[in-house]
Amino acid sequence: MEIDKNKECVIRTTEEIVADIPYRYVLINLFIHPRYGLFLAMRGGWWLRGLLVLFLISCLGGGLKTFSVLPTLMSDAREVVTFLSDELGDLRFRNGRIIWKDSAELPLTGHLSRLRVDVWEADSAEARKQLLRGPEKSGIVVLPDRVDYWAGGAPDGEELHVVSILPSKMIVALEQNARNGLTPGGFTKQQLRDYVQAVCLLLFPVLSLVYCLTMFGTILLFGVFFSLLLRLRNAGGKFRHAMGMALHCCMAPFLTTVVYHVFIPNLGRFENVFGIVFLVYVLFMIVEDRWFRAEEKQVWGL
């Protein structure tokens, strides 16, 4: 009974000491000495702070990822617009359809540096199957009533993912705006390039939000799963302590993965890279803990 009282007193004293430690010291130790940082995070039970820090890292990662892909996106858009304008002339909208100034023999296909561009008179399942048989993995399909972006699925597969980037409703809206004098009735090559470039810049907050939520959702799943493992391993502990430790354990690997994902995008999928970095981080923490225990035994002569 007295031993239990002393144990409770020690735990309570430890939590009081940890509560007085500035949170920034905990974050610094997570990168320098994971063993100490995670111990402080677990005893403090700062799961809400950990969640907030992970969200801030997600916002940073989403912004940096968008900054890295936006120049390529704008370059591809300018290349597509240049090809279409050179082959088909000026662009205008009439009766909800795309009208080109110059006539050309359709279907028209252009093999650009990164994309394939096709101009069709009408959509068909057979024509879409032909897209997968070419060397390109993605491209643009221009139809009279819409513009689609497509991307292939698995290598040598028959799956085709299609997203309408200029749907028919938007064409009708642009035509109506032209009638009201809000937008030009037609687009020359330079006007179309300027318009597409402006649209790409307006996509920055949207892309940042998508990347941010994707990263944050992935890390949150890792954190919840790891916290459940910790809770099962230590059945007598509090869940908020396990949750706090799991979330803080994800911080250093998350930030490292963001750097790799932004500057070395071909390294692999985000979740795969994070899983590897997370495993290395945990192994480093285990090795550091063993070093500490061995040094402690030598000091105390155990």
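Up top is the structure these notes are about.
Rules used throughout
Think of each chain on its own: its residues are numbered from 1, step by step along the sequence as written. Side-chain atom pairs in this predicted model are given and counted only at pLDDT of 80 or more, local residue features only at pLDDT of at least 70, and totals for whole chains, interfaces and linings cover all residues. Remark: hydrogens and water are excluded; side-chain values derive from all non-hydrogen atoms of the structure. Runs of H or I in DSSP of at least four residues are treated as helices and runs of E of at least two as strands, each being numbered from the N terminus. The cut-offs for exposure are 20% and 50% of the maximum accessible area for each residue type, with area from a 1.4 Å probe on protein chains only; residues under the lower value are buried, those over the upper are exposed, and the others partly exposed. Per-residue and other accessible areas were derived by the Shrake-Rupley procedure at a 1.4 Å probe size, with only the shown protein chains allowed to occlude residues. Polar contacts, as counted here, are pairs of nitrogen or oxygen atoms within 3.5 Å of one another; within protein the pair requires one atom able to donate a hydrogen and one able to accept it, and residues that are adjacent in sequence qualify only if both atoms are side-chain atoms. Here a residue-residue contact requires only that any non-hydrogen atoms of the pair lie within 4.5 Å. Strands pair, by our definition, only if DSSP identifies at least two bridges between them. The axes are straight lines fitted to the C-alpha atoms, using for helices just the contacting stretch, and the angles between their N-to-C directions are given from 0 to 180°.

> Teacher, can you tell me more about the overall build of the protein here?
From N to C terminus, the protein includes 11 helices and 8 strands. Looking at the protein residue by residue over its 302 residues, the buried ones come to 36%. For the protein, the computed accessible surface area is about 18,400 Å², with 62% contributed by carbon and sulfur atoms.

> I would appreciate a short explanation of the side chain of Asp 148 in the present structure.
Structurally, Asp 148 can be placed in strand 6 (residues 146–152). Its relative accessible area of 3% is what places Asp 148 among the buried residues. At 3.0 Å, the side chain of Asp 148 and the side chain of Arg 128 are in polar contact. Side chain to side chain, Asp 148 and Arg 146 meet in a polar contact 3.0 Å long. Here Asp 148 is in contact with Arg 128, Gly 139, Ile 140, Val 141, Leu 143, Val 162, Val 163, Ser 164 and Ile 165, once residues within four sequence places are set aside.

> Any chance you could explain the sheet that holds strand 7 (residues 160–166) here in plain terms?
Strand pairing in a sheet relies on backbone hydrogen bonds, with the paired strands running either antiparallel or parallel. Reading across the sheet, the 5 strands line up as 3-4-5-6-7 and stay open at both edges, with mixed pairing between neighbours. The open sheet has two edge strands with one neighbour each: strand 3 (108–111) and strand 7. Across the sheet, the mean angle separating the axes of adjacent strands is 20° when strand polarity is ignored.

> In this structure, what is going on with helix 9 (residues 239–249)? I would like to understand it.
At 3.6 residues per turn, the α-helix brings residues three or four places apart onto the same side. The element helix 9 is largely enclosed, with a buried count of 9 among its 11 residues. Buried within helix 9 we find His 241, Ala 242, Met 243, Gly 244, Met 245, Ala 246, Leu 247, His 248 and Cys 249.

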